[in-house]
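Per-entry structural report
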Amino acid sequence: MPIINQNSKQVCFRIMYYGLPLSGRTSSLEIIHKKVSNYVCKELTHEIITKHRDYLYFEFISPNKINDITIKYRLFVSPSFHSCFACGHHMTLDDHISDIDAILDRVDGIIFIVDSQKPTLEDNIGALNLLKDVSHKKGLSIEDLLLVIQWNKRDLEDESIVDVEKLEREINYLSVPSYETTAVTGEGMIPAFKKCMELMEDRFIDC
Ligand SMILES: Nc1nc2c(ncn2[C@@H]2O[C@H](COP(=O)(O)OP(=O)(O)O)[C@@H](O)[C@H]2O)c(=O)[nH]1
Ligand SMILES: [Mg+2]
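Residues numbered from 1 in each chain as written. Chains lettered and ligands numbered in written order. Predicted model: local features only at pLDDT ≥ 70, side-chain atom pairs only at ≥ 80, totals over all residues. Heavy atoms only, no water.

**Thoughts on the state of the cysteines**
Quick note on the threshold: Throughout, a disulfide means two cysteine sulfur atoms within 2.5 Å of one another. Only protein chains enter the accessibility calculation, which uses a 1.4 Å probe; a residue whose area is less than 20% of its type maximum is buried, one above 50% is exposed, and one in between is partly exposed.
Here the structure, examined in full by the defined rule, presents 0 disulfides. A disulfide-free cysteine, C12 has its sulfur positioned 13 Å from the sulfur of C196, the nearest such atom. Exposure remark for C196: the relative accessible area of 0% places this residue in the buried category.

**A few points about the packing of aromatic side chains**
To be explicit about the condition: Any pair of Phe, Tyr and Trp rings, taking the six-membered ring for Trp, is counted once the centres come within 6.5 Å. Such a pair is stacked with planes under 30 degrees apart, edge-to-face with planes over 60 apart, and tilted for the rest. For a lysine, the NZ atom is tested; for an arginine, the CZ atom; a charge sits over a ring if that atom is within 6 Å of the ring centre and within 35 degrees of the ring normal.
Summed over all chains, the structure comprises 10 aromatic pairs. An aromatic cluster of three or more residues is present, and its members are F13, Y39, F58, F60, Y73, F193 and F204. The ring of Y57 has R74 lying over it, and the distance from NZ or CZ to the ring centre is 3.9 Å.

**Side note on the pattern of salt bridges**
A pair can form between side chains of opposite charge whenever their charged atoms are brought close. In plain terms, the rule: Here a salt bridge means any side-chain nitrogen of Lys or Arg lying within 4 Å of a carboxyl oxygen belonging to Asp or Glu. Where helices and strands are cited, they refer to DSSP runs of H or I of at least four residues and of E of at least two residues respectively, numbered from the N terminus.
According to the stated counting rule, one finds 12 salt bridges in the structure shown. With a closest N to O distance of 2.9 Å, E59 and R74 form a salt bridge. Remark: R74 occurs in strand β5 (residues 69-77) and E59 occurs in strand β4 (residues 53-66); sequence separation between them is 15 residues. Take E59 and R74: they sit in the same class, and that class is buried. Between D101 and K138 there is a salt bridge whose closest N-O contact spans 2.9 Å. Separated by 37 residues along the polypeptide, D101 in helix α2 (residues 93-104) and K138 in the loop between α3 (121-137) and β7 (147-152) bring together distant segments of the chain. Note on D101: relative accessible area 28%, which makes it partly exposed. The network of salt bridges with shared partners includes K42, E47, E59, K72, R74 and R106.

**Some remarks on the packing of α2 against α3**
Note the following rule: Helix axes use the C-alpha atoms of the stretch in contact, all axes being lines fitted to C-alpha atoms, and the angles between their N-to-C directions lie in the range 0 to 180 degrees. Note on angle classes: values under 35 degrees are labelled roughly parallel, values over 145 roughly antiparallel, values of 65 to 115 roughly perpendicular, and the remainder oblique. Helix crossings get a hand from a simple test, with the near helix turned counterclockwise from the far one by less than a right angle marking a left-handed crossing and a clockwise turn marking a right-handed one. Whether two residues are in contact is decided by their heavy atoms, any of which lying within 4.5 Å being enough.
Contact pair α2 / α3: the axes reach a minimum separation of 10 Å and the direction vectors enclose 65 degrees. Classified by the angle their axes make, α2 and α3 are roughly perpendicular. Of the two elements, α2 crosses α3, and the hand of that crossing is right-handed. Residues H96, I97, I100, D101 and L104 of α2 touch α3, and the partners they reach there are L130, L131, V134 and S135.

**Looking at the nonpolar core**
Side chains of nonpolar character tend, in soluble globular proteins, to be buried together. So the rule is basically this: Here, nonpolar core refers to any group of buried Ala, Val, Leu, Ile, Met, Phe, Trp, Tyr and Cys residues whose side-chain atoms link them within 4.5 Å.
Within the largest apolar cluster, 30 residues are counted, with the highest numbers of intra-cluster contacts made by Y18, I110, F112, L131 and I171. Of all the elements in the fold, those that place two or more residues in this core are β2 (10-19), β4, α2, β6 (109-115), α3, β7 and α4 (164-170). Residue contributions to this core peak at 7 residues, all from α3. The contact partners of Y18, leaving out residues within four places of it in the chain, are R25, S78, I100, I110, I111, F112, I113, A127, L130 and L131. Core analysis: the next-biggest nonpolar cluster, separate from the first, contains 28 residues, F58, F60, Y73 and F193 among them.

**As for a negative patch on the surface**
Let me state the cut-off plainly: Patches in this entry comprise residues that are over 30% relatively accessible and not in a salt bridge; like charges within 9 Å are linked, as are nonpolar side chains (Val, Leu, Ile, Met, Phe, Trp, Tyr) within 5 Å. Under the convention used here, a 1.4 Å probe and the Shrake-Rupley method define accessible areas, while residue burial counts only the protein chains that appear. Here the positive residues are Lys and Arg and the negative ones are Asp and Glu; neither His nor the chain ends is included. Charge coordinates come from a single atom per side chain, which is NZ of Lys, CZ of Arg, CG of Asp or CD of Glu.
A grouping of E157, D158, E159, D163 and E165 is seen on the molecular surface, where their side chains present a negatively charged patch. The exposure class assigned to D158 is exposed, which follows from its relative accessible area of 62%.

**Quick notes on the pairing of β6**
Applicable threshold: Two strands are said to pair when DSSP picks up at least two bridges between them.
Taken across its 7 residues, β6 has 7 buried, putting it largely inside the fold. Of the two faces of β6, the one carrying G109, I111, I113 and D115 and the one carrying I110, F112 and V114 are both buried. Here β2 pairs with β6 via 5 bridges, running parallel. Paired with I15 across the two strands is G109, which belongs to β6. The pairing of β6 with β7 spans 6 bridges and is parallel. Of the residues in β7, the one forming a bridge with I113 is Q150.

Structure below.
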């Protein structure tokens, strides 16, 4: 559920850019940050989860309102599964699962960034399965999550990327809205972002 502040008549929708490391999550967040910088917008900031783990986020106020309620968006990147080479700290899969578990409590919409490059197909399927398993343990079904997909890195040569038809078949079996994107230029990203905002607002109005 989005965070509702009755006093200031404000609702906060939280969108997570989720995906494999190097899929284009940070690039996506940076592009959207640039595009919305005309609105009341905070700088990109790291929030600390634990000593070795943090995630990137920013917030902005939408120019649109729902009735007379102001809408704030908080956009962030899912925490990565990586170890800290500088100090030798090794992150375990359980650490990662517990990060995703904690973060799912603070999310209203998820934009799943899929790296379209052929060698990452299986890992992309694994990333979606992880989301499904963690949701399941929380008593949620993956269908309860508000999900939009970006087929990212579509600018790369045809031979190195998976056909969209195959991606749709293998990954988008839920038939959620999906968009071909290039996060380094921003191509296709605004429609994906707007769709996610629209779905969150519709769900909010309905409840
Ligand atoms: N060609 C291409 N490269 C991309 C695209 N999106 C991200 N990258 C590159 O992939 C690498 C990882 O991107 P980043 O946004 O840091 O991924 P993150 O680890 O998910 O945050 C960087 O070198 C980006 O420039 C894209 O759409 N096309
Ligand atoms: Mg990153």
